[in-house]
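# Understanding the architecture of this molecule
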Amino acid sequence: MTKQKRFILQEKDLPTKWYNIQAEMPNKPLPPLNPATKEPLKAEDLAHIFSLECSKQELDTEHAWIDIPEPVLDMYKYYRSTPLVRAYALEKALDTPAHIYFKNESVNPLGSHKVNSALPQCYYCKQEGTTNVTTETGAGQWGAALSYAAKVFGLEAAVYQVKISMKQKPYRSSIMRTFGATVEGSPSMSTRAGKDIITRDPLHPGSLGTAISEAVELATTTPGCKYTLGSVLNHVALHQSIIGLEAELQMEMAGEYPDKIIACFGGGSNFGGIAFPFMRHNFTGERHTEFIAAEPASCPKLTRGRFEYDFGDEAGYTPLLPMFTLGHGFKPANIHAGGLRYHGAGMIVSQLLKDGFMKGVDIPQLETFEAGLLFSRTEGIIPAPESSHAIAATIREAIKCRETGEKQVLLFNLSGHGLIDMTAYENYLNGDLRNYELPDEVIQENLSKLPHIIK
Ligand SMILES: *Cc1c(COP(=O)(O)O)cnc(C)c1O
């Protein structure tokens, strides 16, 4: 008999609540601060930017389990559960005794985990009488997911896409427009923040920081318009917990429990999504799972950043967030092709990293693409370059197992597929990519500009 390879939940067995790790963390994240007064924010302060429900979820340190609204659950059923897959072919290619599993979040038509949070964010906006939503997007996965979710719940969407990504990944803006969204390259001339940035630096390639500034400005100056965010914030990690909650049930079906859980790291949403539901058993001492967040060596906030209060955006419109950061003025090197370009880490993850519940590893660009190629050639799925960071970190662990003979169970999150990222693969295959190590001076220079609030 051949061994079972894919584990899928029946519709009736899908989780109906999200897991809010904030309620069970031994040390709660420090509060976000109002930049003018340095006072902790209340939900009302956030609600002029975000939907009220997301604002409440953001600051909810009480309720560990939050009901998934029925209409959202209904939409989840179009593509969930996503499969948990045992990567036999990858194991064989690595000649490792490790058991490698991956949670395949690439199987929805948008191609990444982002839609898990786009759906509830748009649903809550609609419920509260909002007519328009806006956001930023880098590579375009979040913009695509949001454009679709806005259409599902009858909202108009306006997306600011990082200018350089728009050039590198042209089809993503077509996807967003196909779902009915309007798309602008950031920095743009349509907002004050965009104009200021272009005046200072006419060739600014754009960053998530510039695009967030523009979207927040649009949301705060347009009646009936709310801002949405695809990563970094606590409520996004909450929605993404559906990944880990399913994975927990599916690992049970496979008759195993992961020793190590690995995910790539941009702002922390897919990492938190797969990791937090498992991490709750570490808090009680019942399990000792190791959690590894894989970031690019050219944007290393977890491994080389500092824990400080910083802005979430370039212009300084957002609240001050306690995070591991490279400084909000950070611009990733142009040579960097693998996504995960955001300057900071989410508040929850930052606290967990500080408290030793997880660790970060940084992966050089060429190792990332090498891992992506091996995974494509063994498992038949071309991974998003972002996800390839997780694959590379998993391969490192599997090779360690080969050397020690230890039969560990490894679980990683395949956050998305790479079928619209073929320009990056093309560049790699042509030998045009190289490694880039961020100089210490650049990090120190950026960090020296931060308000120094944590003593
Ligand atoms: C957005 C994205 C990421 C990075 O964001 P996180 O919030 O850190 O998960 C990773 N992989 C894919 C495919 C993405 O679209």
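On to helix 9 (residues 192–200). Side chains of residues three or four places apart in an α-helix project in the same direction, reflecting 3.6 residues per turn. If you check which residues of helix 9 are buried, you get Ala193, Gly194, Ile197 and Ile198. Buried residues along helix 9 cover an arc of 130° about the axis, so they all sit on one side. Away from its buried face, by an angle of more than 90 degrees, helix 9 presents the exposed residues Arg192, Thr199 and Arg200. Elements that come into contact with the buried residues of helix 9 comprise helix 7 (163–168) and helix 10 (208–221).

It is worth spelling out the site of the ligand at this point. Looking at the ligand, there are 17 residues lining it, with Lys114, Ser231, Gly266, Asn270 and Ser415 nearest. Measuring from an oxygen atom of the ligand, one finds a side-chain N or O atom of His113 at 3.3 Å. Ser231 is positioned such that a nitrogen or oxygen atom in its side chain is 2.4 Å from an oxygen atom of the ligand. Computed on the free molecule, the ligand has an accessible area of 380 Å², of which 94% lies beneath the protein chains in the complex.

Now for the packing of helix 5 (residues 115–127) against helix 11 (residues 234–254). As a packed pair, helix 5 and helix 11 sit with axes 8 Å apart at the nearest point and diverge in direction by 125°. What the angle tells us is that helix 5 and helix 11 run oblique. Both helix 5 and helix 11 take part in a crossing whose hand is right-handed. Judged by residue contacts, Asn116, Ser117, Pro120, Gln121 and Tyr124 of helix 5 engage His235, Val236, His239, Gln240, Ile242 and Ile243 from helix 11.

Parameters at a glance
Residues numbered from 1 in each chain as written. Predicted model: local features only at pLDDT ≥ 70, side-chain atom pairs only at ≥ 80, totals over all residues. Heavy atoms only, no water. Buried < 20%, exposed > 50% of the residue type's maximum accessible area, 1.4 Å probe, protein only. Helix = DSSP H or I, 4+ residues; strand = E, 2+ residues; numbered from the N terminus. Arc of directions from axis to C-beta. Contact = heavy atoms within 4.5 Å. Near = heavy atom within 4 Å. Polar contact = N/O pair within 3.5 Å; in protein donor to acceptor, adjacent residues only side chain to side chain. Areas by Shrake-Rupley, 256 points an atom, 1.4 Å probe, with all protein chains shown as cover. Axes fitted to C-alpha atoms, helices over the stretch in contact; angles between N-to-C directions. Parallel < 35°, antiparallel > 145°, perpendicular 65-115°, else oblique. Left-handed = near helix turned anticlockwise from the far one by under 90°.

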